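A closer look at the structure
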Amino acid sequence: MNAQSKQTQPSYNLNCRMAFEPAALERLCQVVRIRGFRIANMAVDSVGEHLDINLILEGSRPIAMLQSQLEKLHTVVEVALAEAPLVRSRVG
Amino acid sequence: MNGAQHILDAFHRHSIDTVFGYPGGCIMPLYDALVDDVVVEHVLCRHEQGCALAADGYARASGKTGVCIATSGPGATNLITGVANAHRDSIPMLVITGQVPSGLIGTDAFQETDVLGMTLGIVKHSYLVTDADEIPDVMEEAIQLANSGRPGPVWIDVPKDVLLQQVTASADQTTRPSAAHCPDLTQAIQMLRDARRPLLYSGGGVSLAHCEQPFRRFATTSAMPAVVTLKGIGNAGKHNPDNLGMLGMHGSLAANRAVDECDLLLVVGARLDDRATGKLDEFAPNARMIHIDADSAELNKLRPADVCLRGPLDQILEGLTRAIESHPLAIDDWRKQCRQWRTTGGFSAADNEEPLSAITGPAFTRQLSRIAPDDAVIACDVGQHQMWVAQHYEFDHPRHHLTSGGLGTMGFGLPAAIGAQFANRNSTVINVTGDGSFMMNAQELATIRRYRLPLKIIVLDNQCLGMVRQQQELFYDNRESQIDLDDNPDFVAMARAFDIPALHIERTDQIRRGIETILAFDGPMLLHVAIAREENVWPIVKPGSGNREMIDESQQTTRKTREQVA
Ligand SMILES: Cc1ncc(C[n+]2csc(CCOP(=O)(O)OP(=O)(O)O)c2C)c(N)n1
């Protein structure tokens, strides 16, 4: 474990609805990773032609930046922050 | 019609008449359909990277969609650098690759690669087509996506069996009316009126939005001092006395000074890249900011703006122009100050007067700028020569300057020039390259010969990877590492092997004749220009430093002299 990951990081609860297509989840995860967030938890439901995805994310960058990057994905229908950021300690 | 024929059908509907590609097993059905097609010209490059970069150059020069085609596996992986290049510079591109037959996907079949997975980070969107009936709609959507909003590459991967399947569906061509409307400009106009030292900061977004004319009208009407990013070169116009040129790491002292002192930045179609801003905390410290961009994710990304405007750029610029026409900005003192900086802090490389002296990059580029026709397209590679062109060549239109900005792809120049020449067969297209970059896609000399393209190649040969050598000299204690290219091939002989006549020059008094000769020649020609190995690009800001900390040649010399004395 490196020094940075021992520090506490803000955590976010994000809901995302996207079209069901071959690379849907990879597309989402790739953006989350490259924009500086870690997926701590992920739940996926398929609803008709859509996927409803709930993500618990950790990262020190502004979550609004990630939201706007996710909204740019052509197959993403909606992104919503579910609740105010919590601070989760990852030590121990 | 089968899937492959439907791809061509979409090209016809969208007036796509030039594509760059390379055949192979899984894309053969599309090549078979091309045999009977009389509309689409397929340009066979000699490497798929050449195809992608040529498609990119075609799109940059023409403003149309660039199309590249390749087979599965190595064909697709070879495209990747070119597609990443287009992605980083928001170039509208359509990429079509064959994939192994549907039933073989995931079996490690011959020439199978997971193209969709591998390219997620370098595309605006991508598709794996699983049913031929999807092809008409996918093509419509892909072409529209590549060109709309912030443009970018869209990749369509099609299994071989799907290319061969009969298609029963037809394309849904209902054009969705654009919902975009001009945002409220009141606050921005008020900020412009209140500012005493406003600065116009523009980037590649101006030409991507096809807004060269409205931008020029705004720049002239407002008479605001203007700086440009690498990709915005040409926006403000060659004859605009308020144009301070490029800002940033290799920008002019005048441009960086103006950014430092301005009290308002009007950013148009630029994303505040680190090469332009330098250390962000020290960038435009006294300025409020209005940010206009097509991509909402760019707004407030690196520096919060006081006002963000997103919408049709032409309408925004026209709205601002009208407001200023009725109430001109009172910025005479600021303009005077900037013009003075322009005189004293522009790119000041001397025209070398000594006829027998060695050629310098800046002196050569300035001569080229004077001699080449006004509408010449210059396709650069990456390195010192690229910066000399950005600094010393005077462009009057952004589509005349093709440069790999975001990715900085060595090897871009030659294929991009090929693409630009296909965009306009009658224009003068010149690839300015370095001896390192030239060798990265030199196989495309064969493409020039095949299609008898009259483009010109200028190799500024310093026998090394100059830009890397410069940074090693300045920031790594002059510890040179792996930058020597003194075993380069004989470039003149090499060009001749491809039936391309070539000329070598090495003295200042040969520059004019050299340039005039290649430009006058009716056909492709290469000019090999020997320049000094030790030459540097000035000024320079150390990566990670603020733009105020520019080092120019005289300071560097002073530092060296001081060290020698000590
Ligand atoms: C494909 C690629 N590999 C490596 C680099 C890193 N790089 C940037 S400039 C440069 C040197 C370019 O040399 P040359 O083309 O001879 O131009 P010069 O700087 O000498 O004018 C290198 C290696 C790059 N930009 N692109």
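Not measured: the values here are computed from a predicted model.

The rules behind each value
- Residues numbered from 1 in each chain as written.
- Chains lettered and ligands numbered in written order.
- Predicted model: local features only at pLDDT ≥ 70, side-chain atom pairs only at ≥ 80, totals over all residues.
- Heavy atoms only, no water.
- Helix = DSSP H or I, 4+ residues; strand = E, 2+ residues; numbered from the N terminus.
- Rg over C-alpha atoms; globule rule 2.2 N^0.38 Å.
- Areas by Shrake-Rupley, 256 points an atom, 1.4 Å probe, with all protein chains shown as cover.
- Lys, Arg positive; Asp, Glu negative; His and termini not counted.
- Charge placed at Lys NZ, Arg CZ, Asp CG, Glu CD.
- Buried < 20%, exposed > 50% of the residue type's maximum accessible area, 1.4 Å probe, protein only.
- Contact = heavy atoms within 4.5 Å.
- Near = heavy atom within 4 Å.
- Polar contact = N/O pair within 3.5 Å; in protein donor to acceptor, adjacent residues only side chain to side chain.
- Nonpolar A, V, L, I, M, F, W, Y, C, P; charged D, E, K, R; others polar.
- Pairing = 2+ DSSP bridges.
- Axes fitted to C-alpha atoms, helices over the stretch in contact; angles between N-to-C directions.
- Disulfide = S-S within 2.5 Å.
- Core = buried A, V, L, I, M, F, W, Y, C linked by side-chain atoms within 4.5 Å.
- Parallel < 35°, antiparallel > 145°, perpendicular 65-115°, else oblique.
- Left-handed = near helix turned anticlockwise from the far one by under 90°.
- Domains from an automatic or database assignment.
- Buried area = accessible area lost by both parts, 1.4 Å probe.
- Salt bridge = Lys/Arg side-chain N within 4 Å of Asp/Glu carboxyl O.

Considering the overall build of chain B
Per the secondary structure count, chain B includes 23 helices and 20 strands. For 566 residues, the compact-globule formula gives about 24 Å, and the C-alpha radius of gyration of chain B, at 24 Å, lands near that figure. Taking the principal axes of the C-alpha coordinates as reference, chain B spans close to 75 × 60 × 45 Å. In the form shown here, chain B has an accessible surface area of approximately 22600 Å², with 48% of it arising from carbon and sulfur atoms. Taken as two groups, the 49 positive and 70 negative side-chain charges of chain B have centres that lie 6 Å from each other.

Description of the overall build of chain A
Summing up its helical and strand segments, chain A has three helices and four strands in all. The N-to-C order of helical and strand elements in chain A reads α-β-α-β-β-α-β. Expressed as a percentage of its 92 residues, the buried residues of chain A come to 38%. At a minimum sequence separation of 6, the contacts of chain A that also span at least 24 residues come to 72%.

What about the site of the ligand?
All names here are of chain B. Taken together, the neighbourhood of the ligand is formed by 17 residues, with Q384, G408, G436, S437 and G466 sitting nearest. Contacts to the ligand include C464, whose backbone N or O atom sits 3.3 Å from an oxygen atom. Note that an oxygen atom of the ligand is positioned 2.8 Å from one of the backbone N or O atoms of G466. Here the ligand, which alone exposes 590 Å², has 76% of that area covered by the protein. Elements represented by at least two residues in the shell around the ligand include exactly α16 (384-392), α18 (435-438) and α20 (466-475). Here the residues of the shell around the ligand sort into seven nonpolar, nine polar and one charged.

Description of helix α10 (residues 212-222) of chain B
Restricting attention to buried positions, one finds in α10 of chain B the residues E212, P214, F215, F218, A219 and S222 of chain B. A positive backbone phi angle near 55 degrees is found at A223 of chain B, which sits one or two residues after α10 of chain B.

Some words on unusual backbone geometry
Residues and elements named next belong to chain B. Here the amide bond leading from W538 into P539 is cis, since omega sits at -10 degrees, within 30 degrees of zero. Examined against the element boundaries, P539 turns out to sit in the loop between β18 (525-530) and β19 (540-541). Its identity as a non-glycine residue notwithstanding, L272 has a phi of 55 degrees, on the positive side. The topology assignment puts L272 in the loop between β10 (264-268) and α12 (274-277).

Here we look at the sheet that holds strand β2 (residues 41-44) of chain B
Residues and elements named next belong to chain B. On the basis of which strands lie adjacent, the open sheet formed by six strands has the order β2-β1-β3-β4-β6-β5 and parallel pairing. Looking at the sheet topology across the chains shown, the edges are occupied by β2 and β5 (125-128). Between one strand axis and the next, the sheet turns by 20 degrees as a mean value, whatever way the strands run. Note that strand β3 (residues 66-70) and strand β4 (residues 93-99) share five bridges and pair parallel. If you follow A70 over to β4, its bridge partner there is T97. Strands in contact with helix α1 (residues 3-13) are β1 (18-21), β3, β4 and β6 (153-159); relative to β4, the strand with the most contacts, it is inclined by about 170 degrees.

Some details on the state of the cysteines
Residues and elements named next belong to chain B. Within the structure shown, the criterion is met by zero disulfides over all chains. Here C26 is not disulfide-linked; the sulfur of C51 is the nearest cysteine sulfur, at 17 Å. Exposure remark for C26: the relative accessible area of 8% places this residue in the buried category. Looking at the unpaired C211, the closest cysteine sulfur is the one in C182, lying at 11 Å.

Remarks on the nonpolar core
Residue and element names in this part refer to chain B. One finds L192, Y201, L265, L266, I290 and L320 to be the most contacted residues of the largest nonpolar core, which totals 53 residues. With six residues, the single largest contributor to this core is helix α13 (residues 313-326). Excluding its chain neighbours within four sequence positions, the residues that come into contact with L320 are L185, A188, I189, L192, F218, L266 and I292. If you look at the next biggest cluster of nonpolar residues, it comprises 52 residues, including A54, A55, F438 and A442.

Focus on the packing of helix α11 (residues 253-261) of chain B against helix α14 (residues 332-345) of chain B
All names here are of chain B. Where α11 contacts α14, the axes come no closer than 8 Å and their chain directions differ by 150 degrees. If you check the angle between α11 and α14, you find them roughly antiparallel. Note that α11 runs across α14; the crossing there is right-handed. Across from L253, A254, R257, A258 and E261 in α11, the residues of α14 making contact are W334, C338, W341, R342 and G345. Here the residues of the contact of α11 with α14 sort into six nonpolar, one polar and three charged.

What about the domain arrangement of chain B?
All names here are of chain B. Here chain B is described as being made up of domain 1 (3-164), domain 2 (186-345) and domain 3 (361-535). Here domain 1 and domain 3 have C-alpha centroids that lie 29 Å from each other. Contacts between the two partners involve 26 residues from domain 1 and, on the opposite side, 25 residues from domain 3. Carbon and sulfur atoms supply 60% of the area buried between domain 1 and domain 3, which totals about 2000 Å² over both sides. At the junction of domain 1 with domain 3, the criterion picks out one salt bridge. As a salt-bridge pair, R425 and E41 come within 3.5 Å of each other at their nearest N and O atoms. Contributions of two or more residues to the side of domain 1 that touches domain 3 are made by β1, β2, α3 (48-62) and α4 (74-88).

Notes on the environment of L200 of chain B
All names here are of chain B. Within the fold, L200 resides in strand β7 (residues 198-202). Sequence separation between L200 and T77 is 123 residues, and the spatial gap between their C-alpha atoms is 40 Å. Dropping the residues within four chain positions of it, L200 is found in contact with F215, F218, A219, M224, P225, A226, V227, L266 and V268.

Some words on the interface of chain A and chain B
If you look at the interface, chain A gives eleven residues, while chain B gives 17 residues. Taken together, both faces of the contact between chain A and chain B bury some 1100 Å²; the carbon and sulfur share is 60%. Considering only the surface of chain A that becomes buried against chain B, R27, M65 and H74 of chain A emerge as the three largest contributors, covering 45% of it. Summed over the shared surface of chain A and chain B, the number is one salt bridge. Residues D295 of chain B and K72 of chain A are paired through a salt bridge, measuring 2.6 Å at the closest nitrogen-oxygen approach. Elements supplying a minimum of two residues to the side of chain A that touches chain B: α2 (24-34) and α3 (63-72) of chain A. With four residues, the single largest contributor to the side of chain A that touches chain B is α3 of chain A. Of the residues contributing to the side of chain A that touches chain B, the split by class is three nonpolar, five polar and three charged.

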